[in-house]
Amino acid sequence: MAVPNAVAGLLQRPARLGDEVYGRIFSQIMSLDIAPGTRISVDALARELGVSQTPIREALGRLEGEGLVTKTHLVGYRAAPRLSAQQFDDLYDLRLLLEPYAAAMAAQKISDADIGHLVDLSGQMDGAGEQGSLDEYAHFARFDMEFHDQVAVSSGNGLASEALGRLHTHVHLFRLAYHEQAIAAALREHAVVVSAIAARDAAGAHEAMQLHIEKSRARFVSRIER
Ligand SMILES: [Zn+2]
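Each value, and the rule that gives it
Residues numbered from 1 in each chain as written. Predicted model: local features only at pLDDT ≥ 70, side-chain atom pairs only at ≥ 80, totals over all residues. Heavy atoms only, no water. Core = buried A, V, L, I, M, F, W, Y, C linked by side-chain atoms within 4.5 Å. Buried < 20%, exposed > 50% of the residue type's maximum accessible area, 1.4 Å probe, protein only. Domains from an automatic or database assignment. Contact = heavy atoms within 4.5 Å. Donors = N, O, S within 2.8 Å, 3.2 Å for Na, K, Ca; no water. Tetrahedral: all angles 85-135°; square planar, octahedral: opposite > 155°, others 65-115°. Helix = DSSP H or I, 4+ residues; strand = E, 2+ residues; numbered from the N terminus. Pairing = 2+ DSSP bridges. 1 Å grid on protein atoms, 1.4 Å probe; cavity = no way out; pocket = protein on both sides within 12 Å on 5 of 7 lines; lining within 4 Å. Points joined across faces, edges and corners; volume = space filled by probe spheres on them. Nonpolar A, V, L, I, M, F, W, Y, C, P; charged D, E, K, R; others polar. Axes fitted to C-alpha atoms, helices over the stretch in contact; angles between N-to-C directions. Parallel < 35°, antiparallel > 145°, perpendicular 65-115°, else oblique. Left-handed = near helix turned anticlockwise from the far one by under 90°.

Participant: Can you explain the nonpolar core? Please cite residues and give values.
Facilitator: Counting 62 residues, the largest nonpolar core has Ile25, Ile40, Ile56, Leu60, Leu63 and Ile197 as the members making the most contacts within it. Counting the residues that make up this core, at least three belong to each of domain 1 (9-79) and domain 2 (85-223). Dropping the residues within four chain positions of it, isoleucine 40 is found in contact with Ile29, Ile34, Leu45, Leu60, Val69, Tyr77, Arg78 and Ala79.

Printed below as a string of C-alpha cells:
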C-alpha cells in the first residue's frame, strides 16, 4: 500500500509483493468492494491481481489475524460480517473504559522515540481526506488503527493493548459507512491527543481521548441498524 506522502522518506523500502497484495485486499474489504459477509475466492483474487495463490493465501491469513476476514472449514474465506447494534454498544463502552486510561498512561510512560512516531502518524494522516475517494478512506482507516495501537502500546499496559487489539475496532467501524467528514474531524481530535501526550499531560490526554471516542461514537451511531 502506498504511503501518501514523503514522511517515510528514504527509509521506505520497495514494497514487497506480499505487502502489495495484502494492501489491495485490505482496501477492497474496507471500501466494501468486497461486502461484509461475502465469500472471498482465492482463485478469483489470484486472477484479478495477476499473482499465484501463495501471496493471496498469506495475505488472507494476515487479514484473518486482523479481524477483516474469517475462515471456515470447507467454506473458505469470508469478509467479516457487519457489527450488530449490541456489538457496536459493547465496542464503544469498552473503548471508553480503556482508551482514555491508555492515553493518560502513555503521557507518563511514552519514550521520546514513540512520541516522534505518533507525530509522524498524524502527519501521514494529514493528506488523507483530500480526494474523498473510498480507497483513500481505507488508507485513513489503516493510519487511524496504527495511531490508536501506538497509544495503547505506549501505555505500557500489555493487557490493555492486547484487549484493544482484539476488538478490531477500525475494521468494523470503517465498514459501517463511507464517512468523508469523519476524516477531518478525527484528525483534529487526534492532534489534541498527540499534543497532550507529547506535553506529558496525563489528565489532558485522558480528556482528549475520551472526547475523540465519544465524538466517533456519535459519528457512527446513526449507521447502525437497531
Ligand atoms: Zn481515531
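From this point on, the discussion continues.
Participant: Account for the coordination of the zinc ion, naming residues and giving values.
Facilitator: Protein coordination at the zinc ion: the donors are Asp144 (OD), His148 (NE2), His190 (NE2) and His212 (NE2), at 2.1 to 2.3 Å from the metal. Here the zinc ion binds four donor atoms, and the angle range of 80 to 165 degrees at the metal identifies the geometry as irregular. Summarised as a motif, the one-chain spacing of the donors to the zinc ion is D-x3-H-x41-H-x21-H. Of this pair, aspartate 144 sits in helix α6 (residues 134-154) while histidine 212 sits in helix α10 (residues 202-220), placing them 68 residues apart in sequence. Note on accessibility: aspartate 144 and histidine 212 belong to one class, buried.

Participant: Quick rundown of the pairing of strand β3 (residues 76-79)? Include the residues and the values.
Facilitator: As defined by bridge partners, strand β1 (residues 39-40) adjoins β3 across two bridges and the pair is classed as antiparallel. Paired with isoleucine 40 across the strands is tyrosine 77, a residue of β3. Where strand β2 (residues 69-72) lies against β3, four bridges are found, and the strand directions are antiparallel. The residue bridging lysine 71 from the neighbouring strand is tyrosine 77, located in β3. Counting the residues in the hairpin turn of β2 and β3 gives three residues, including leucine 74, whose phi is positive at 70 degrees.

Participant: Quick one: what's the story with the layout of surface pockets, residue by residue and with numbers?
Facilitator: Reported here for the second largest pocket is a volume of approximately 270 Å³. Along its surface, the second largest pocket is lined by 16 residues, and Met145, Asp149, Gly165, His168 and His170 are the ones closest to its centre. Going through the elements one at a time, α4 (85-109), α6, α7 (158-167) and α8 (169-174) are the ones with two or more residues in the lining of the second largest pocket. Of all the elements, α6 adds the most residues to the lining of the second largest pocket, at six residues. Residues that form the lining of the second largest pocket fall into these classes: four nonpolar, six polar and six charged.

Participant: Can you explain the packing of helix α1 (residues 17-30) against helix α2 (residues 42-49)? Please cite residues and give values.
Facilitator: Following both chains from N to C, one finds α1 and α2 inclined at 115 degrees, their axes separated by 12 Å at the closest point. Accordingly, the angle class assigned to the pair α1 and α2 is roughly perpendicular. Considering only the axes of α1 and α2, their crossing is right-handed. On α2, the residues touching Val21, Arg24, Ile25 and Gln28 of α1 are Leu45, Glu48 and Leu49.

Participant: A description of unusual backbone geometry should follow, citing residues and the corresponding values.
Facilitator: When glycine is set aside, most residues are seen to have a negative phi, and most peptide bonds are trans. For histidine 168, which is not glycine, the phi dihedral falls at a positive 50 degrees. The topology assignment puts histidine 168 in the loop between α7 and α8. Its relative accessible area of 23% is what places histidine 168 among the partly exposed residues. Notably, arginine 200 is not glycine yet its phi reads approximately 55 degrees, a positive angle. Positionally, arginine 200 belongs in the loop between α9 (180-198) and α10.

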